[in-house]
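An overview of the molecular structure
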Amino acid sequence: MTDAAAAHWNDAYGQGADSRSWFQPEATESLRFVEVAGVTPADPVVDVGGGASTLVDGLLDRGFGDVTVLDLSDEGMAVARER
């Protein structure tokens, strides 16, 4: 990814959750996909492009312990860390 792409996403996350049409307070569909795929709390999970997604919150709430979130946006990751 380029610095321009990172800058784009940093700007998008910097405008707040209400500015992003794809934001979900709870990642219901993604959590359902994890369940349907047979992934269990004993399995490691990597959320690529997770940014400020609440998927990590849902996984931790369900007992997952080995969860990694990757994103090129520092802003997106900061939002998730603060939460």
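Residues numbered from 1 in each chain as written. Predicted model: local features only at pLDDT ≥ 70, side-chain atom pairs only at ≥ 80, totals over all residues. Heavy atoms only, no water.

Here we look at the overall build of the protein chain
- A count of helical and extended segments in the protein chain gives 4 helices and 2 strands.
- Taken across its 83 residues, the protein chain has 29% of its residues classed as buried.
- Long-range contacts, defined as pairs at least 24 residues apart, comprise 54% of the intrachain contacts of the protein chain with a sequence gap of at least 6.
- Roughly 5400 Å² of accessible area belongs to the protein chain as shown, and the carbon and sulfur atoms make up 53% of that amount. (Helix = DSSP H or I, 4+ residues; strand = E, 2+ residues; numbered from the N terminus. Buried < 20%, exposed > 50% of the residue type's maximum accessible area, 1.4 Å probe, protein only. Contact = heavy atoms within 4.5 Å. Areas by Shrake-Rupley, 256 points an atom, 1.4 Å probe, with all protein chains shown as cover.)

Comments concerning the pairing of strand E1 (residues 45-48)
- Because side chains alternate across E1, one face comprises the buried residues Val45 and Asp47, and the other comprises Val46 and Val48, none of which is buried.
- Note: E1 against strand E2 (residues 67-70), 4 bridges, orientation parallel. Each bridged residue has a counterpart across the sheet, and for Asp47 the counterpart in E2 is Val69. (Pairing = 2+ DSSP bridges.)

Notes on the nonpolar core
- Of all hydrophobic cores here, the largest spans 7 residues; its members are Ala27, Leu31, Val34, Val45, Leu55, Leu59 and Phe64.
- Discounting chain neighbours no more than four positions away, the residues touching Val34 are Val39, Leu59 and Phe64. (Core = buried A, V, L, I, M, F, W, Y, C linked by side-chain atoms within 4.5 Å.)

Things to note about the pattern of salt bridges
- Counted according to the given criterion, the structure contains 3 salt bridges.
- Of the charged contacts in the structure, one is a salt bridge between Glu29 and Arg32, with a shortest N-O distance of 3.0 Å. One end of the pair is Glu29 and the other is Arg32, both in helix H2 (residues 28-36) and 3 residues apart, which spans about a single turn.
- Residue class for Glu29 comes out partly exposed when judged on its relative accessible area of 37%.
- Here Arg32 falls in the partly exposed class, since its relative accessible area comes to 41%. (Salt bridge = Lys/Arg side-chain N within 4 Å of Asp/Glu carboxyl O.)

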